[in-house]
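# Analysis of the macromolecular model
Chain residues, written in single-letter form:
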Amino acid sequence: MFIHETAIIYPGVIIEPNVYIGPYCIIGAPAEWKGREDCEGLVLIMSGARLTGLVTVDSGTDKRTVIGKDCYLQKHSHIGHDAILAEGVTISCGAKIGGHSIIEKFCNIGLNAVIHQKVRVPEGCMIGASAFVGKKSILKPYYKYAGVPVKELGINAR
């Protein structure tokens, strides 16, 4: 495990082995939810996760915010309160994940993309750079999406 000396980790955050937390990350800060700012530290970061630097992960309010096994969060990304990132998710530089969102296994969220709160992104999706996924977006597993609002581009074949 590596936690950079400039990282701020709030009490109560659970960090499993083999996690990397880079410079100036803030983990477990109170939720940005008016009237619910009293919760802090309700975060679980699972084994193999890598938070490169300047990443913020807000505390859960009703349950822990979860960064799943082998997730990769790049610089300036933000994970909102009560969000869940499943195994193997990549969050690119500057991407924002709204509170109560669920990002299923092996998704890739592109540069500066925004996922509205309370949205579920199905397994294996790729969301393009600067895209917006809103509450009315209809997403299918293992498809690619881009645009504002997102539009389907086709199958996400690797």
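Summary of the structure given here. None of the values given here were measured: they were computed from a predicted structure. (Residues numbered from 1 in each chain as written. Predicted model: local features only at pLDDT ≥ 70, side-chain atom pairs only at ≥ 80, totals over all residues. Heavy atoms only, no water.)

### Here's the deal with the sheet that holds strand β8 (residues 56–58)
Reading across from one edge, β2-β5-β8-β11-β14-β17-β20 is the order of the seven strands in this open sheet, with parallel pairing throughout. Every interior strand has two partners, whereas the edge strands, β2 (8–9) and β20 (132–133), have only one. Pairing of strand β5 (residues 26–29) with β8, which is carried by three bridges, proceeds in the parallel orientation. What sits directly across from I27, in β8, is V57. (Pairing = 2+ DSSP bridges. Helix = DSSP H or I, 4+ residues; strand = E, 2+ residues; numbered from the N terminus.)

### Structural notes on unusual backbone geometry
The phi angle of most residues is negative, glycine excepted, and most peptide bonds adopt the trans form. Cis geometry marks the peptide bond from V148 to P149, where omega comes out at -10°. For P149, the position within the fold is in the loop between β21 (143–146) and β22 (151–155). With phi around 65°, N18 is a residue other than glycine that occupies positive phi space. Summarising the element assignment, N18 is placed in the loop between β3 (14–15) and β4 (20–21). Within the chain, Y142 stands out as a residue other than glycine whose phi angle is a positive 60°. Structurally, Y142 can be placed in the loop between β20 and β21.

### Points about the nonpolar core
Among the nonpolar cores identified, the biggest contains 38 residues, and I45, L73 and I127 are the most heavily contacted of them. In contact with I127, other than residues within four places in its own chain, are N108, I109, G110, A113, I115, V121, V133, Y145 and V150. (Core = buried A, V, L, I, M, F, W, Y, C linked by side-chain atoms within 4.5 Å. Buried < 20%, exposed > 50% of the residue type's maximum accessible area, 1.4 Å probe, protein only. Contact = heavy atoms within 4.5 Å.)

### Section: the pattern of salt bridges
Oppositely charged side chains can form a pair if their charged atoms are brought close together. Evaluation of the coordinates by the stated rule reveals four salt bridges. In this structure, the salt-bridge partner of R36 is D62, at a minimum N-O distance of 3.1 Å. On the criterion of sequence distance, the pair formed by R36 in the loop between β5 and β6 (43–45) and D62 in the loop between β8 and β9 (65–67) is long-range, its members being 26 residues apart. With relative accessibility at 24%, the residue R36 sits in the partly exposed group. Ionic pairing is found between E152 and K140, a salt bridge with its closest N-O pair at 3.2 Å. Remark: K140 occurs in the loop between β20 and β21 and E152 occurs in strand β22; sequence separation between them is twelve residues. (Salt bridge = Lys/Arg side-chain N within 4 Å of Asp/Glu carboxyl O.)

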